[in-house]
Amino acid sequence: MTNRPHSLLSFALLAVALTATAPAQAAPDPGKRDCIKDAKVLCADEMRTFSRKKVQACLIAKIEKTSPTCHATMLKLKAEHDAGTAVKH
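Residues numbered from 1 in each chain as written. Predicted model: local features only at pLDDT ≥ 70, side-chain atom pairs only at ≥ 80, totals over all residues. Heavy atoms only, no water.

Draft legend 1. Layout of the state of the cysteines. This structure, assessed with the given rule, holds 2 disulfides. Note that cysteine 35 is cross-linked by a disulfide to cysteine 70, the S-S spacing being 2.2 Å. One disulfide, between cysteine 35 and cysteine 70, carries an S-S torsion of 110° and so falls in the right-handed class. Taken together, the positions of cysteine 35 in helix α2 (residues 30-42) and cysteine 70 in helix α5 (residues 68-83) put the pair 35 residues apart, joining distant regions of the chain. A sulfur-sulfur distance of 2.0 Å marks the disulfide that ties cysteine 43 to cysteine 58. Its S-S torsion of approximately -90° makes the covalent link between cysteine 43 and cysteine 58 left-handed. A residue pair is termed long-range when its members are at least 10 positions apart, and cysteine 43 in the loop between α2 and α3 (44-47) and cysteine 58 in helix α4 (residues 52-61) qualify at 15 residues. We note that cysteine 43, like cysteine 58, is buried. (Disulfide = S-S within 2.5 Å. Helix = DSSP H or I, 4+ residues; strand = E, 2+ residues; numbered from the N terminus. Buried < 20%, exposed > 50% of the residue type's maximum accessible area, 1.4 Å probe, protein only.)

What follows is the structure, given as structure tokens:
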């Protein structure tokens, strides 16, 4: 279980990264919560890189395997990226 602290850190960093674009007043987005769950299963290698862009790219590449709420969130992020309106951090 030596990877457990690293996995928890990866999970925490991804949670922060996925919620960083939300306005401070907004309620937690269920799609982002579901995406974290999906990323842990579908994109474990990308999560270990601590790269939000890599995790998002992985989830978009595997969008058909994501939960319905994460699917909608990834479609929105992809549309924003394609339109050039994605928030840069």
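Draft legend 2. Structural detail: α5. Taking 1.5 Å as the rise per residue, α5 with 16 residues should run 22 Å; its terminal C-alpha atoms sit 23 Å apart, in good agreement. For α5, the full list of buried residues reads Cys70, Thr73 and Met74. Taken end-on, α5 shows its buried residues confined to a sector of 95°, consistent with a single buried face. Within α5, the exposed residues directed more than 90 degrees away from the buried face are Pro68, Lys76, Asp82 and Ala83. (Expected span 1.5 Å × (residues − 1). Arc of directions from axis to C-beta.)

Draft legend 3. View of the nonpolar core. One finds Cys35, Ala39, Leu42, Cys43, Met47, Val55, Cys58, Leu59, Ile63, Cys70 and Met74 forming the largest nonpolar core, which totals 11 residues. Going through the elements one at a time, α2, α4 and α5 are the ones with two or more residues in this core. Beyond its immediate sequence surroundings of up to four residues, leucine 59 is in contact with Cys35, Asp38, Ala39, Leu42, Cys43, Thr66, Cys70 and Met74. (Core = buried A, V, L, I, M, F, W, Y, C linked by side-chain atoms within 4.5 Å. Contact = heavy atoms within 4.5 Å.)

Draft legend 4. Examining unusual backbone geometry more closely. Residues other than glycine seldom take positive phi values, yet phenylalanine 50 does so here, at roughly 65°. Relative to the assigned elements, phenylalanine 50 resides in the loop between α3 and α4. By relative accessible area, phenylalanine 50 is classed as partly exposed at 39%.

Draft legend 5. Local environment of the side chain of threonine 66. With respect to the helices and strands, the residue threonine 66 is situated in the loop between α4 and α5. Residue threonine 66 is classed as buried on the basis of its relative accessible area, which comes to 10%. In terms of polar contacts, threonine 66 uses its side chain to reach the backbone carbonyl oxygen of isoleucine 63, at 2.7 Å. Apart from residues no more than four positions distant in its own chain, threonine 66 is found in contact with Asp38, Leu42, Leu59 and His71. (Polar contact = N/O pair within 3.5 Å; in protein donor to acceptor, adjacent residues only side chain to side chain.)

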